[in-house]
Each structure stands twice: as C-alpha cells, then as structure tokens.
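# Results of the structural survey
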Amino acid sequence: YIRPDCDRAEEVLLQLSVALKNPLKFREVDKLIDEFYELYDEFETMYSIGYIRSCRNMNDEFYSAEYIWLLEADIRMQNLLELLYIACADSIYAKWLEKYKFWDGFADAYRSGDVSDGSGATYMALARQEAALLAEYRSILANPTVEIDGQQWLFDEYMQQAGGYNYAAAYDAYYEK
C-alpha cells in the first residue's frame, strides 16, 4: 500500500484546464487526461487495498486512520473527476473528446450550464457526512461492548472468559443495545 497522490491529480487537472484553452495543445490534452486517469485508477486500487487491510484488523490504528483518510480523499477525487469532465465539456476539444475519450452525449451532459444547479456542493456535503458516519460505525465495530450484570465489557473479552450459557446472554445484551 502506498498513499495515493491526490495533490498530483489536482496539479494535472490544473495543467489540463490551461491546455484545454489552447487549440495547439491537442497532444498535451490527450496526455494529461491519460495521466489523470492513471492517478485515479491508482487511487481506486489503493483505496481497495486500504479498505481490505483495515477490515482484516479493525483495531490496526494505521489502517483505521488511513481508511478514514481514504474516505475523505475519495470525495476529493470524485470532485476532481467531475471538474475534469466539466472542463473538457466546456472546451474547444469537447466534440473530439466525446468521440475518442469519453462517450456519446458526454459534452451535453457536462457542459457547465447543465451542472450549475449546486448538486455538486450537495453531494460533497453529504459525502462528508457519510464518511464521518462510516468512521464512527467502524469505530463501534472495532471495539463492541456489552453490559452484563451492570458491568461494561469488551465483547471479545467477555466471550473469552464466559462459559456455558453465558454466550447467549452476551449476544442478547449486545443486540439489545
């Protein structure tokens, strides 16, 4: 696992925004879009690796923190991808990009006039809330507790020392919470 370079993706997007305004930068536009996609794919790969490693041991502090970072970075990368699409759709290269880099209807779907309804800001706010809730949920799952006879126990610790029918009482207490 290597932490993805989101700053580089943002730099590439800024370079692309400049190149898209120049009719003589066709090859540079092509190269920068490819570079952005490589960075985006690398991010997605590292996101998957980070998620898997954090799930293998939810008490691993490094991967727990890294997964929370990845959740936030995912919001950023999704936003950068949307900005790339908008910049390309608004450019002099829009029709060529639609034919050779993207898909039919791309330019019409992403022209800034069609996406200026604020939904991007709404998405970003909701995605941040979701990331915070996921982090909180994972924290609860990493160290579940139960109350048995008025005493708080870590679920795993109680289960290790419990005997006989106490297992059922522990599960009942856990699911009643």
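These remarks concern the structure in this document.

## Re unusual backbone geometry
A positive phi is found at Asp-149, a non-glycine position, where the angle reads about 50°. Relative to the elements of secondary structure, Asp-149 occurs in the loop between β1 (145-148) and β2 (151-154).

## Quick word on the packing of aromatic side chains
Scanning the model with the defined rule gives 18 aromatic pairs in all. With 5.8 Å between their ring centres and 75° between their planes, Tyr-1 and Tyr-63 make a pair best called edge-to-face. One end of the pair, Tyr-1, is in the segment before α1 (6-19); the other, Tyr-63, is in helix α3 (residues 61-89), and 62 residues separate them in sequence. Tyr-1 gets classed as partly exposed once you look at its relative accessible area, which sits at 24%. With 5.2 Å between their ring centres and 70° between their planes, Trp-153 and Tyr-158 make a pair best called edge-to-face. By the ring-pair criterion, three or more aromatic residues cluster together here, those being Tyr-85, Phe-102, Trp-103, Phe-106 and Tyr-110. Above the ring of Trp-69, the side-chain terminus of Arg-3 is found at 4.0 Å from the ring centroid.

## So, helix α2 (residues 26-56)
The end-to-end C-alpha distance of α2 is 46 Å, a good match for the 45 Å that 31 residues give at a rise of 1.5 Å each. Of all the positions in α2, only Val-29, Leu-32, Ile-33, Phe-36, Tyr-40, Phe-43, Met-46, Tyr-47, Gly-50 and Ser-54 are classed as buried.

## As for the pairing of β1
Every other side chain in a regular strand lies on the same face of the sheet, so the side chains alternate between the two faces. Alternating residues of β1 divide into Val-146 and Ile-148, all buried, and Thr-145 and Glu-147, none buried. In this sheet, β2 lies alongside β1 in antiparallel orientation, the contact comprising 4 bridges. Bridge pairing in β2 places Glu-147 opposite Gln-152. Hairpin connection between β1 and β2: a loop of 2 residues separates the two successive antiparallel strands, and Asp-149 in this loop has a positive phi of roughly 50°.

## Examining a nonpolar patch on the surface
Taken together, the side chains of Tyr-167, Tyr-171 and Tyr-175 make up a nonpolar region of the molecular surface, amounting to roughly 370 Å² of accessible area. Mapped onto the fold, Tyr-171 is located in helix α8 (residues 166-176).

## Considering the packing of α1 against α3
Close contact between α1 and α3 brings their axes to 10 Å; oriented N to C, the two are set at 10°. For the element pair α1 / α3, the angle class is roughly parallel. Side by side, α1 and α3 meet where Cys-6, Asp-7, Ala-9, Glu-10, Leu-13, Leu-16 and Ser-17 of the first sit next to Trp-69, Ala-73, Arg-76, Met-77, Leu-80, Leu-83, Leu-84, Ala-87 and Cys-88 of the second. Residue composition of the contact of α1 with α3, grouped by class: 12 nonpolar, 1 polar and 3 charged.

## Quick notes on the pattern of salt bridges
By the definition in use, this model includes 11 salt bridges. Of the charged contacts in the structure, one is a salt bridge between Arg-8 and Glu-11, with a shortest N-O distance of 3.2 Å. Taken together, the residues Arg-8 and Glu-11, both in helix α1 and 3 residues apart, mark about one turn of the helix. Accessibility expressed as a relative area gives 40% for Glu-11, which makes it partly exposed. Between Glu-98 and Lys-95 there is a salt bridge, and its shortest N-O distance comes to 4.0 Å. With Glu-98 and Lys-95 both in helix α4 (residues 94-100) and 3 residues apart, this pair spans about one turn of that helix. We classify Glu-98 as buried; its relative accessible area is 12%. Among the charged side chains, a network of salt bridges with common partners joins Asp-7, Glu-10 and Arg-76.

Conventions and cut-offs
- Residues numbered from 1 in each chain as written.
- Predicted model: local features only at pLDDT ≥ 70, side-chain atom pairs only at ≥ 80, totals over all residues.
- Heavy atoms only, no water.
- Helix = DSSP H or I, 4+ residues; strand = E, 2+ residues; numbered from the N terminus.
- Phe/Tyr/Trp six-rings, centres within 6.5 Å; stacked < 30°, edge-to-face > 60°.
- Buried < 20%, exposed > 50% of the residue type's maximum accessible area, 1.4 Å probe, protein only.
- Lys NZ or Arg CZ within 6 Å of the ring centre and 35° of its normal.
- Expected span 1.5 Å × (residues − 1).
- Pairing = 2+ DSSP bridges.
- Patch = residues over 30% accessible without salt bridge, like charges linked within 9 Å, V, L, I, M, F, W, Y side chains within 5 Å.
- Areas by Shrake-Rupley, 256 points an atom, 1.4 Å probe, with all protein chains shown as cover.
- Salt bridge = Lys/Arg side-chain N within 4 Å of Asp/Glu carboxyl O.
- Axes fitted to C-alpha atoms, helices over the stretch in contact; angles between N-to-C directions.
- Parallel < 35°, antiparallel > 145°, perpendicular 65-115°, else oblique.
- Contact = heavy atoms within 4.5 Å.
- Nonpolar A, V, L, I, M, F, W, Y, C, P; charged D, E, K, R; others polar.

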